[in-house]
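Chain residues, written in single-letter form:
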Amino acid sequence: QFQLEESGGGLVQAGGSLRLSCAPSGDTGSRNTMGWFRQAPGKQREFVAGIRWSGSWTDYAKSVEGLFTISLDSDRNTWYLQMNGLKSDDSAVYYCAASKEHFATAGRQFDNWGQGTQVTVSS
């Protein structure tokens, strides 16, 4: 059993940048895919980005492709979401998650979740 903790959220103006971090409290064990999801008010949680722990595969939602970058630091057991060119539509609670599967992109494939960090983009 391990816990995930997100950090780096906050208020930013449109066009600005934020970097989110996800730090497990312990060994992630057999988890192979690390990801980021978000949930805006009145909407369902959606996949944002994923990365294999090996770093050999990444995937992004089309809405953020070319603007957001997921990365990880195996030495720190931490993964990140660099968000550039933020828009008001990006405002949401962002969650980090871990999956035992190797190419996970669906929420049901992830079984460990953080509590979320708020990202608010103002016009």
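Residues numbered from 1 in each chain as written. Predicted model: local features only at pLDDT ≥ 70, side-chain atom pairs only at ≥ 80, totals over all residues. Heavy atoms only, no water.

Draft legend 1. Structural detail: the overall build of the protein. The helix and strand tally for the protein stands at zero helices and eleven strands. When the helices and strands of the protein are placed in sequence order, the string is β-β-β-β-β-β-β-β-β-β-β. On C-alpha atoms alone, the protein measures out to a radius of gyration of 13 Å, which is about the 14 Å that the 2.2 N^0.38 rule sets for 123 residues. Its C-alpha atoms give the protein principal-axis dimensions of about 40 × 30 × 25 Å. Looking at the protein as a whole, 45% of its 123 residues qualify as buried. Pairs at least 24 residues apart make up 57% of the contacts formed inside the protein by residues separated by at least 6 positions. Accessible surface computed for the protein: about 6500 Å², of which carbon and sulfur atoms make up 41%. (Helix = DSSP H or I, 4+ residues; strand = E, 2+ residues; numbered from the N terminus. Rg over C-alpha atoms; globule rule 2.2 N^0.38 Å. Buried < 20%, exposed > 50% of the residue type's maximum accessible area, 1.4 Å probe, protein only. Contact = heavy atoms within 4.5 Å. Areas by Shrake-Rupley, 256 points an atom, 1.4 Å probe, with all protein chains shown as cover.)

Draft legend 2. Inspection of the nonpolar core at higher detail. Formed by 27 residues in total, the largest nonpolar core has its most connected members in Trp36, Val48, Phe68, Trp79, Leu81, Met83 and Tyr94. Contributing elements (two or more residues each) for this core: β3 (18-24), β4 (33-39), β5 (46-52), β7 (68-73), β8 (78-83), β9 (92-99) and β11 (117-122). Per-element accounting of this core gives the leading share, four residues, to β9. If we ignore the near neighbours within four places in the chain, the residues touching Phe68 are Arg38, Val48, Tyr60, Leu81, Gln82, Met83, Asn84, Leu86, Asp90 and Tyr94. (Core = buried A, V, L, I, M, F, W, Y, C linked by side-chain atoms within 4.5 Å.)

Draft legend 3. Here's a closer look at the environment of Gly29. For Gly29, the position within the fold is in the loop between β3 and β4. Look at Gly29 and you get exposed, because its relative accessible area is 55%.

Draft legend 4. Looking closely at the state of the cysteines. Counted under the stated rule, the structure contains one disulfide. Two residues share a disulfide in this structure: Cys22 and Cys96, whose sulfurs sit 2.0 Å from each other. The chirality of the disulfide connecting Cys22 with Cys96 is right-handed, given an S-S dihedral of about 55 degrees. One end of the pair, Cys22, is in strand β3; the other, Cys96, is in strand β9, with 74 residues separating them in the sequence. Classification of Cys22 by relative accessible area gives buried; the value is 0%. (Disulfide = S-S within 2.5 Å.)

Draft legend 5. Examining the pattern of salt bridges more closely. Scanning the entire structure with this criterion turns up four salt bridges. A salt bridge links Asp111 to Arg31, with the shortest nitrogen-to-oxygen separation between them at 3.4 Å. With Asp111 in strand β10 (residues 110-113) and Arg31 in the loop between β3 and β4, this residue pair connects regions lying 80 residues apart in the sequence. Overall, Asp111 belongs to the partly exposed group, its relative accessible area being 40%. Arg31 sits in the buried class, given a relative accessible area of 17%. Residues Arg38 and Asp90 are paired through a salt bridge, measuring 2.9 Å at the closest nitrogen-oxygen approach. With Arg38 in strand β4 and Asp90 in the loop between β8 and β9, this residue pair connects regions lying 52 residues apart in the sequence. Connected through salt bridges with shared partners, the residues Arg38, Glu46 and Asp90 form a single ionic network. (Salt bridge = Lys/Arg side-chain N within 4 Å of Asp/Glu carboxyl O.)

So far we have only geometry, and geometry alone does not tell us how the molecule works.
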